[in-house]
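Letter by letter, the chains look like this.
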Amino acid sequence: MSHSLTRRLAELEGAEAALVLASGRAAVACTALALLRPGDHLLAGSALRASTRAFFTRELPALGTEVTYVDPREPRGWRRGLQRTTRALFVESPVIDSGRLVDLRPPRTLANELGTALIVDATGASPVNFTPLAHGADVVLHDATAFIEPHGKGEVGIVAGTEALVEEVRLKMKAWGADPHPAAYAQLERGLATLEVRVHHQNSVALQVAQWAGTHPQVSGVVYAGLPDHPDQPLLAEWFKGAGALVLLQLQDGHDPARVSAHATARLREGVEPTRVSTRFLAQGETGWLRVEVGLEPAEHLADALAAALAVAASSPA
């Protein structure tokens, strides 16, 4: 383990300690296992990454932990979801699948009243843009593959919080074989060396892509926290240092997001070694939305790739 690396991660989060795990999924699982016991109850915001929801829905109940989901945008829902055995509250913010931000005050208030832990998955922001511990969270998690590691090619998870809690997570990591690959430390070291510069670049490029997409005739909706019409602008202004790299595009009817994603990715890779492409275009299931996770490419390259993909979609609809 690289102690200098974990110290640096803890400093970025304003935490006492930090831990590197095998993946973002491992960070979620080992944190839950460290905090919850058979008979306990977890109260979670319903807006979650698919892998997190799968673990909460399938694995935790099998281990004797009950899970209740509430709409994280409904402040009173948190209190209604409480049970006598509630031992932790879980929030994802920003919500990767919707681009929304979550107000931490309602769950934070309840966690303080009950003496329970508030866990925040801040994968969609990176610690450059958002540090949940400064706003009352007890634990912060990251799937570093998304934005902390330079090209998102590896599997790395991060947990930060108090020394005692991180030690509990470390013990679960050892017990469940969730140790990171030795190469993960060097991978993260490289990522942290350029993290701030990269995130500021991504913030800027994501805003440009969102603004460009808002004028494209084949895009009927754009969700990006940095746009003036985003519903969570007050939270962004109060808690975040940057709007992040997640841009969601609602495509016109008849455009298959999976096909647009494939064509945009292929266009971006033209003349470039595939391993050097860091932006990801991801279809949001069958909802008609395309998620753009902005990487290191210039805004004009991303706009060109998206324009070409949308032109193909228009000429040969699914």
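In the block above lies the structure referred to throughout.
Quick caveat, the model's predicted, so the values are computed rather than measured.

Chemist: Explain the environment of Arg 276 here, please?
Modeler: Position of Arg 276 among the secondary structure elements: in the loop between helix 9 (257-269) and strand 10 (280-283). Under the relative-accessibility criterion, Arg 276 is labelled exposed at 56%. C-alpha separation for the pair Arg 276 and Leu 296, spaced 20 residues apart in sequence, amounts to 9.0 Å.

Chemist: Just checking my understanding: could you explain the pairing of strand 8 (residues 219-223) for this structure?
Modeler: Put simply, side chains in a regular strand alternate between the two faces of the sheet. Extensive coverage of strand 8 is indicated by the burial of four of its five residues. Two elements, strand 8 and strand 9 (residues 246-251), share four bridges in a ladder whose sense is antiparallel. Considered in strand 9, the bridge of Val 222 is made with Leu 249.

Chemist: Help me understand the sheet that holds strand 11 (residues 289-293), please; the structure alone is not making it clear to me.
Modeler: Strand pairing in a sheet is mediated by backbone hydrogen bonds. Such pairs are either parallel or antiparallel. Spatial strand order, 8-9-11-10: four strands in an open sheet with antiparallel pairing. Edge positions in the sheet fall to strand 8 and strand 10, since each has one partner strand and no second. Within the sheet, the average angular offset between the axes of one strand and its neighbour, ignoring direction, is 25°. In this structure, strand 10 lies alongside strand 11, joined through four bridges in antiparallel fashion. In the sheet register, Ala 283 faces strand 11, and the bridge partner there is Leu 290. Sitting on the sheet, helix 10 (residues 299-315) touches strand 8, strand 9, strand 10 and strand 11, and the angle it makes with strand 10 is about 35°.

Chemist: Is there a simple way to think about unusual backbone geometry in this case?
Modeler: Peptide bonds are, in most cases, trans, and in most cases residues other than glycine have a negative phi. Residue Pro 94 is reached from Ser 93 by a cis peptide bond, and omega for that bond is 0°. Residue position: Pro 94 is located in the loop between strand 4 (86-92) and helix 5 (105-114). We note that Ser 126 has phi near 75°; this positive angle belongs to a residue other than glycine. Turning to its location among the elements, Ser 126 is positioned in the loop between strand 5 (117-121) and strand 6 (139-143).

Chemist: Would you take a moment to explain the packing of aromatic side chains for this structure?
Modeler: Geometrically, a pair of aromatic rings is defined through the distance of the ring centres and the angle of the planes. Summed over the entire model, instances satisfying the criterion amount to three aromatic pairs. With a centroid separation of 6.3 Å and an interplanar angle of 55°, the aromatic rings of Phe 55 and Phe 56 are classed as tilted. For Phe 55, a relative accessible area of 16% corresponds to the buried category. Ring geometry for Phe 130 versus Phe 240: centroids 4.1 Å apart, planes at 20°, classification stacked. Separated by 110 residues along the polypeptide, Phe 130 in the loop between strand 5 and strand 6 and Phe 240 in the loop between helix 8 (233-239) and strand 9 bring together distant segments of the chain. Each member of the pair Phe 130 and Phe 240 is classed as buried. Of the aromatic side chains, those joined through ring pairs into one cluster are Phe 55, Phe 56 and Phe 90.

Chemist: What is the right way to read the packing of helix 1 (residues 3-13) against helix 7 (residues 183-213) from this model?
Modeler: Axis angle and axis distance: for two packed helices, these are the angle between their axes and the distance between the axes, and together they describe the pair. Direction vectors running N to C along helix 1 and helix 7 enclose 40°, while the axes themselves pass 10 Å from each other. Taken together, helix 1 and helix 7 sit at an angle that is classed as oblique. Once helix 1 is placed against helix 7, the crossing between them reads as left-handed. Residues Ser 4, Leu 5, Arg 8, Leu 9 and Leu 12 of helix 1 touch helix 7, and the partners they reach there are Tyr 185, Leu 188, Glu 189, Leu 192 and Leu 195.

The rules behind the values
Residues numbered from 1 in each chain as written. Predicted model: local features only at pLDDT ≥ 70, side-chain atom pairs only at ≥ 80, totals over all residues. Heavy atoms only, no water. Helix = DSSP H or I, 4+ residues; strand = E, 2+ residues; numbered from the N terminus. Buried < 20%, exposed > 50% of the residue type's maximum accessible area, 1.4 Å probe, protein only. Pairing = 2+ DSSP bridges. Axes fitted to C-alpha atoms, helices over the stretch in contact; angles between N-to-C directions. Contact = heavy atoms within 4.5 Å. Phe/Tyr/Trp six-rings, centres within 6.5 Å; stacked < 30°, edge-to-face > 60°. Parallel < 35°, antiparallel > 145°, perpendicular 65-115°, else oblique. Left-handed = near helix turned anticlockwise from the far one by under 90°.

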